[in-house]
Amino acid sequence: MFLAKELATAASEDGDRAIFIGRKDPQSFSVLINRYMKRFVICPVCGSPDTHPDREHRVQILICEACGARSPTGQG
Ligand SMILES: [Zn+2]
């Protein structure tokens, strides 16, 4: 669900929807995966990937095992 939304966003950012509609470019896809990782896996406070998702007041958050930061995810 997220990836579909992200693909549409990236496509409009690139101004070339054909990249994703015509043929799935594996390089562009890995860029999206990296973006996903940064937003949903990497702790924005300390940069550690040692995190797990949780929910707080219906908001999806990321709990960092390294520094204990609780960051909202999926914003924007
Ligand atoms: Zn952290």
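Here the structure is a predicted model, which means the values were calculated and not measured.

(A) Spatial organisation of the coordination of the zinc ion. C43 (SG), C46 (SG), C64 (SG) and C67 (SG) make up the full set of protein donors to the zinc ion, lying at 2.2 to 2.3 Å. Angles of 103 to 116° at the metal separate the 4 donor atoms of the zinc ion, which places the site in the tetrahedral class. Judged by its relative accessible area of 40%, C46 falls in the partly exposed class.

(B) View of the sheet that holds strand β1 (residues 51–56). Read across the sheet, 3 strands follow the order β1-β2-β3 without closing on themselves; strand pairing throughout is antiparallel. At either margin of the open sheet sits one strand with a lone partner, and together these are β1 and β3 (70–72). Between one strand axis and the next, the sheet turns through 35° on average, direction left out of account. Direction of pairing for β1 relative to strand β2 (residues 59–64): antiparallel, over a ladder of 6 bridges.

(C) Region of the structure containing the environment of A66. Structurally, the position occupied by A66 is in the loop between β2 and β3. In the structure, A66 is positioned 17 residues away from P49 in sequence and 8.7 Å away in space, judged by C-alpha atoms.

Quick notes on the rules
- Residues numbered from 1 in each chain as written.
- Predicted model: local features only at pLDDT ≥ 70, side-chain atom pairs only at ≥ 80, totals over all residues.
- Heavy atoms only, no water.
- Donors = N, O, S within 2.8 Å, 3.2 Å for Na, K, Ca; no water.
- Tetrahedral: all angles 85-135°; square planar, octahedral: opposite > 155°, others 65-115°.
- Buried < 20%, exposed > 50% of the residue type's maximum accessible area, 1.4 Å probe, protein only.
- Pairing = 2+ DSSP bridges.
- Helix = DSSP H or I, 4+ residues; strand = E, 2+ residues; numbered from the N terminus.
- Axes fitted to C-alpha atoms, helices over the stretch in contact; angles between N-to-C directions.

Everything listed here is a matter of geometry and, on its own, says nothing about what the molecule does.
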